[in-house]
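What follows is the residue order along each chain.
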Amino acid sequence: MFTAAEIRKYAGIIALVVVYLIADLFLTSREIYFLNVLPLVLMIVILALTRLDILFFIIVFCTPLSIPLINYVRTSPIDFHIPTEPMLFGVMVLLIFKMVKRGYIDEKVLKHPVTYAILFNLVWIFITSMTSTMPLVSFKFLLARLWFLSTFYFLAIYVFRQKKNISTFIWCYAIPMMGVITYSISRHMVFGLFDKQAAHIVMIPFFRDHTSYGAILSMLLFSVAGVSLYRGKNILMKSFFWISLIYILIGLILSYTRAAWASVLASLTILVVILLKIKFRYLLLIGLIVGGYFFTQRFEIQRKLEKNKQDSSADLAEHVKSMSNITTDDSNLERLNRWTAALRMYREKPIFGWGPGTYMFEYAPYQLSSKKTLISTNFGDLGNAHSEYIGPLSESGIPGSLSFILIAVLALITGFKVFYKLKNKRLKIVVMSFILALITYLVHGSLNNFLDTDKASALFWGIIAVFVSLDIYYLPREEFKILKEKAQKVQGSE
């Protein structure tokens with residue numbers, strides 16, 4: 001029991017709680033629910049001020065489950081995903097405040113080549129937002145990119161200083177993602193398990209379409225495989241890890257995402273090349289030979305592609321075959337239409353582009369009537385340029401596209417550098433699996449672009465943050481440990 005003195009001491013807090021409960025009950029009775037989330041908001045604020053690492057994992061866990069607010073609040077002036085993007089915005093503001101007040105970001109992080117490339121990309125997005133045909137759209141795009149990078153890159157680098165947090169990061173994403181897979185499969189059962197048309201909608205509202213869903217699953221496939229091999233020898237845990245991996249693979253197959261399947265195949269090919277230790281000069285020679293063959297036979301190849309009339313199908317073999325159908329498959333033809341429009345836009349504004357995020361609003365007049373398909377639109381309501389490389393070319397010009405390619409190249413260079421320098425064999429496996437996961441997205445990025453979403457950004461920037469964090473914080477410690485051991489051996493021999 002509380003004494004009278006203790007009650008008087010905490011009278012203010014008690015009164016505040018009572019007022020909150022009465023107000024909440026009153027508003028709830030009137031079907032007004034915003035006070036119900038106040039305790040959760042307070043908890044998040046406290047975590048932001050005391051344990052940013054825990055808040056980071058909470059955000060990652062919520063990311064696969066986030067849903068677009070505008071789907072439920074049609075009058076919302078801002079289209080963002082809840083609950084992740086409000087938290088991401090808060091973390092961004094907090095990190096900027098800490099950086100200004102205390103120099104929170106380590107100089108080593110700021111001077112890393114990958115960070116330089118990211119900052120160049122951000123600066124160019126800012127410049128092209130000022131020259132944009134739709135500045136409001138472009139600055140919103142820039143703001144979203146900033147809050148993704150603040151949490152999933154800059155904060156993540158610090159979180160990953162403890163290497164155990166790397167596997168925690170993947171499982172915080174993978175476990176709720178398996179919930180999304182379960183939800184999608186359960187909806188599949190209603191339409192028929194192998195219904196291709198159902199595959200386009202069963203993941204809604206968590207994913208806007210099956211292509212983004214497939215892209216995430218392909219990245220997770222390699223990431224989960226890596227962290228599964230990294231963990232200990234507990235049979236129950238290892239069983240859970242491998243069941244999870246099989247479950248993700250089933251989800252990937254049922255996504256009917258051809259680009260995701262192709263990206264997995266590309267990563268597996270690269271894995272074979274690495275395992276066989278084929279030297280770069282041989283790869284370059286093979287690449288030149290293959291490139292020369294395709295160039296000399298390009299007209300014959302085009303004729304053969306035009307003969308392929310196989311549309312996308314519920315039959316997996318036929319669905320794979322339809323990837324090269326550029327004659328009747330509307331999905332493939334619409335990509336060609338979008339790319340053609342993007343290139344025409346680029347030719348008109350080759351340096352500054354039309355403005356970040358503006359492609360979907362500006363491309364309609366640049367469609368050629370001969371390229372239009374049954375699913376073409378003039379209303380900017382069916383997505384973007386379907387390419388992480390061509391899209392920025394039309395929106396931010398040559399520097400915009402090159403800056404993203406530079407990020408990708410430097411991220412892979414850093415990943416391979418860490419892989420080859422690491423002595424910890426299990427950690428090497430994790431890093432290689434992350435390299436392959438990143439490659440799946442970069443391959444997929446030639447056919448789609450999803451970095452304007454929290455779901456793709458969390459894994460893409462998070463994996464890059466793993467490479468940078470290990471490069472900055474772990475490799476020097478490992479090298480110092482090796483030098484120390486060598487010095488002790490020399491001293492012992494003397």
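As shown above, the structure is provided for reference.
Procedures and definitions
- Residues numbered from 1 in each chain as written.
- Predicted model: local features only at pLDDT ≥ 70, side-chain atom pairs only at ≥ 80, totals over all residues.
- Heavy atoms only, no water.
- Salt bridge = Lys/Arg side-chain N within 4 Å of Asp/Glu carboxyl O.
- Helix = DSSP H or I, 4+ residues; strand = E, 2+ residues; numbered from the N terminus.
- Buried < 20%, exposed > 50% of the residue type's maximum accessible area, 1.4 Å probe, protein only.
- Core = buried A, V, L, I, M, F, W, Y, C linked by side-chain atoms within 4.5 Å.
- Contact = heavy atoms within 4.5 Å.
- Expected span 1.5 Å × (residues − 1).

Trainee: Could you give an account of the pattern of salt bridges, with specific residues and numbers?
Mentor: For the coordinates displayed, the defined rule picks out five salt bridges. Here E334 and R338 are joined by a salt bridge, their closest N and O atoms 2.7 Å apart. Taken together, the residues span about one helical turn, with E334 and R338 both in helix α16 (residues 330-348) at a distance of four residues. Its relative accessible area of 1% is what places R338 among the buried residues. A salt bridge links K417 to D471, with the shortest nitrogen-to-oxygen separation between them at 2.9 Å. Note that K417 is positioned in helix α18 (residues 390-421) and D471 in helix α20 (residues 454-493), a separation of 54 residues in sequence. In this structure K417 comes out as partly exposed when scored by relative accessible area, which is 35%. The exposure class of D471 is buried, given its relative accessible area of 12%.

Trainee: So, the nonpolar core: which residues are in play, and what are the values?
Mentor: Membership of the largest hydrophobic core comes to 114 residues, with the highest contact counts inside it found for F56, Y153, W461 and I464. A total of 16 residues in this core trace back to one element, the largest contributor, which is α20. Once residues lying within four places of it in the same chain are set aside, the contact partners of Y153 are V114, T115, I118, F148, W461, I464, A465 and V468. Residues M345, W354, Y359 and I390 belong to the second largest nonpolar core, which totals 10 residues.

Trainee: How would you summarise helix α7 (residues 113-130) if you had to cite specific residues and measurements?
Mentor: For α7, built from 18 residues, the straight-helix expectation of 26 Å at 1.5 Å per residue is met to within 8% by its first-to-last C-alpha distance of 26 Å. Those residues of α7 not exposed but buried are V114, T115, A117, I118, N121, L122, W124, I125, T128 and S129.

Trainee: I'd love a proper account of unusual backbone geometry, names of residues and values included.
Mentor: Residue P83 is reached from I82 by a cis peptide bond, and omega for that bond is 5°. Along the chain, I204 connects to P205 via a cis peptide bond; the corresponding omega equals 15°. Along the chain, P205 turns up in the loop between α9 (164-191) and α10 (210-230). If you check the backbone angles, Y256 has positive phi at about 55° while not being a glycine. Look at H386: it is not a glycine, yet its phi comes out positive at around 60°. By secondary structure assignment, the location of H386 is in the loop between α17 (359-362) and α18. According to the relative accessible area criterion, H386 is buried, its value standing at 18%.

So far we have only geometry, and geometry alone does not tell us how the molecule works.
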